[in-house]
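Overview (structure and organization)
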Protein chains: 2
Amino acid sequence: MQRKTTQRTAIEQVFDREDRPLGIDEILRLGRSQVESLNQATVYRNLKLLLDKGWLAQINHPAMGVLYERAGKGHHHHFHCRDCNRVFELPGCTLNQQAAAPEGFVVEDHEIFLFGVCPSCAASSE
Amino acid sequence: MQRKTTQRTAIEQVFDREDRPLGIDEILRLGRSQVESLNQATVYRNLKLLLDKGWLAQINHPAMGVLYERAGKGHHHHFHCRDCNRVFELPGCTLNQQAAAPEGFVVEDHEIFLFGVCPSCAASSE
DNA sequence: GTCGTTGCAAAGCCTTTGCAGGGAA
DNA sequence: TTCCCTGCAAAGGCTTTGCAACGAC
């Protein structure tokens with residue numbers, strides 16, 4: 001049976017608090033502000049455990065590499081802000097999936113990454 | 001000045017011949033069928049050189065990791081066949097970029113990855 | 001003969017794993 | 001007391017780099 005540890009709890013809280021896809025470095029940094037001794041290996045092990053459990057999902061971002069986000073949010077896409085370098089989850093989907101590929105291709109799924117400036121950066125640069 | 005070597009020529013020919021995004025392993029394997037002694041370090045060095053030169057472009061595929069493709073093909077997307085595991089370049093773009101994100105987000109660019117079955121695999125499975 | 005390139009091996013990243021000690025139940 | 005979990009360090013992959021020999025020009 002799985003036990004409740006301060007380390008795993010800290011990692012889970014980081015995701016709940018940030019509510020956006022996070023990279024290993026951020027998870028480790030934010031987690032350490034809560035549990036100073038938090039080890040990198042522990043983070044990796046818990047991320048894997050939370051993935052298997054279905055609590056987290058993994059995404060491979062074109063510019064940011066591997067990121068982790070809360071699972072179970074349904075189909076959505078990602079936005080990467082070139083200013084603050086954060087990745088946001090965008091609800092909804094406007095893509096006509098089958099129309100996106102030429103005749104002959106059977107499209108079953110897709111992923112979209114958007115790049116630009118997020119609302120808070122856009123506001124602060126005016 | 002840059003010199004013409006059999007190794008670099010072999011790598012370039014692999015891309016011309018396949019005409020699709022390739023991973024390191026494929027480049028190395030296909031290149032070795034032409035230049036037996038082709039070394040991994042040489043491939044990495046030449047890929048970097050061809051990237052800097054603007055002859056190649058790098059893509060970070062969600063499922064396939066880092067891939068390389070001929071540069072200068074204009075805006076396009078990628079299709080990954082779950083049968084043959086190859087990645088194809090799809091011309092055109094049907095996405096209304098700004099409509100894909102909520103109010104406040106300034107969208108400047110995007111990338112789309114499609115997943116499914118390619119025409120040749122779809123035909124052979126019937 | 002230059003000096004850009006190559007092959008080999010060593011070194012760097014990032015991630016995973018082995019192990020003994022520690023802590024949740 | 002059990003045995004899951006953690007920290008540390010070593011080991012694995014993949015990519016880059018140092019170096020001497022090679023070969024394009």
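Residues numbered from 1 in each chain as written. Chains lettered and ligands numbered in written order. Predicted model: local features only at pLDDT ≥ 70, side-chain atom pairs only at ≥ 80, totals over all residues. Heavy atoms only, no water.

**Side note on the relation of the copies chain B and chain A**
Definition in use: Fitting of the copies onto one another was done by least squares over C-alpha atoms, counting residues only where both copies have pLDDT of at least 70.
Rotating chain B by 180 degrees and translating it 0.0 Å along the rotation axis places it on chain A, where the RMSD comes to 0.1 Å. Such a combination of turn and shift is consistent with a two-fold rotation axis. Across chain B, the rotation axis passes nearest the C-alpha of I112(B), at a separation of 2.3 Å.

**Observations regarding the protein's contact with DNA strand D**
Note the cut-off: A cutoff of 4 Å decides nearness: a residue is near a molecule or strand if any of its heavy atoms lies inside that distance of it. Polar contact criterion, stated in full: a pair of N or O atoms within 3.5 Å, where within protein one must be able to donate a hydrogen and the other to accept it, and residues adjacent in sequence count only if both atoms are side-chain atoms. A helix here means a DSSP run of H or I that spans at least four residues, while a strand means a run of E at least two residues long, and both kinds are numbered starting from the N terminus. Any residue that is not Ala, Val, Leu, Ile, Met, Phe, Trp, Tyr, Cys, Pro, Asp, Glu, Lys or Arg is counted as polar, Gly included; the first ten are nonpolar and the last four charged.
The environment of DNA strand D is made up of 20 residues, and the closest members are Q7(A), T42(A), R45(A), R3(B) and Y44(B). The sugar-phosphate backbone supplies 68% of the atoms of DNA strand D found within 4 Å of the protein. N39(A) places a main-chain nitrogen or oxygen 3.1 Å from a phosphate oxygen of DNA strand D. In the environment of DNA strand D, a base oxygen lies 3.2 Å from a nitrogen or oxygen atom belonging to the side chain of R45(B). The set of elements that each furnish at least two residues to the surface near DNA strand D consists of α1 (6-18) and α3 (40-53) of chain A together with α3 (40-53) of chain B. Class assignment for the residues of the surface near DNA strand D results in 6 nonpolar, 8 polar and 6 charged.

**Observations concerning the protein's contact with DNA strand C**
Residues in close proximity to DNA strand C total 20 residues, the closest being R3(A), Y44(A), Q2(B), R3(B) and T42(B). R45(A) is positioned such that a nitrogen or oxygen atom in its side chain is 3.1 Å from a base oxygen of DNA strand C. N46(B) places a polar side-chain atom, nitrogen or oxygen, 3.4 Å from a phosphate oxygen of DNA strand C. Those elements giving two or more residues to the surface near DNA strand C turn out to be α3 of chain A together with α1 (6-18) and α3 of chain B.

**Considering the domain arrangement of chain A**
Residues and elements named next belong to chain A. We apply this condition: The split into domains, and so the bounds of each, comes from an automatic or database assignment of domains. In this description, contact between two residues means that some pair of their heavy atoms is separated by no more than 4.5 Å. Here the quantity called buried area is the accessible surface, traced with a 1.4 Å probe, that two parts lose on coming together, added over both. A carboxyl oxygen of Asp or Glu within 4 Å of a side-chain nitrogen of Lys or Arg is what we treat as a salt bridge.
As assigned here, chain A comprises domain 1 (6-70) and domain 2 (77-124). The C-alpha centroid of domain 2 is placed 22 Å from the C-alpha centroid of domain 1. Taken together, the contact between domain 1 and domain 2 spans 11 residues of the former and 8 residues of the latter. Across the domain 1 to domain 2 interface the summed buried area is about 880 Å²; carbon plus sulfur atoms make up 68%. Together, R20, H61 and M64 form the three largest contributors to the area buried by domain 1 at its contact with domain 2, with a combined 47%. In this structure, the connection of domain 1 to domain 2 is made through 0 salt bridges. In this structure, the connection of domain 1 to domain 2 is made through 1 residue pair in polar contact (both at pLDDT 80 or more).

**Digging into the packing of α1(B) against helix α2 (residues 24-32) of chain B**
All names here are of chain B. So the rule is basically this: Comment: axis = line fitted to C-alpha atoms, over the contacting stretch for helices; angle = value between 0 and 180 degrees taken between N-to-C directions. With respect to orientation, any angle under 35 degrees is reported as roughly parallel, any angle over 145 as roughly antiparallel, any angle of 65 to 115 as roughly perpendicular, and every other angle as oblique.
Interaxial distance between α1 and α2 falls to 9 Å at its minimum, and their mutual angle equals 105 degrees. As far as their axial angle goes, α2 and α1 are roughly perpendicular. Of the residues in α2, those in contact with A10, I11, V14, F15 and E18 of α1 are I27, L30 and G31. Taken together, the residues of the contact of α1 with α2 sort by class into 6 nonpolar, 1 polar and 1 charged.

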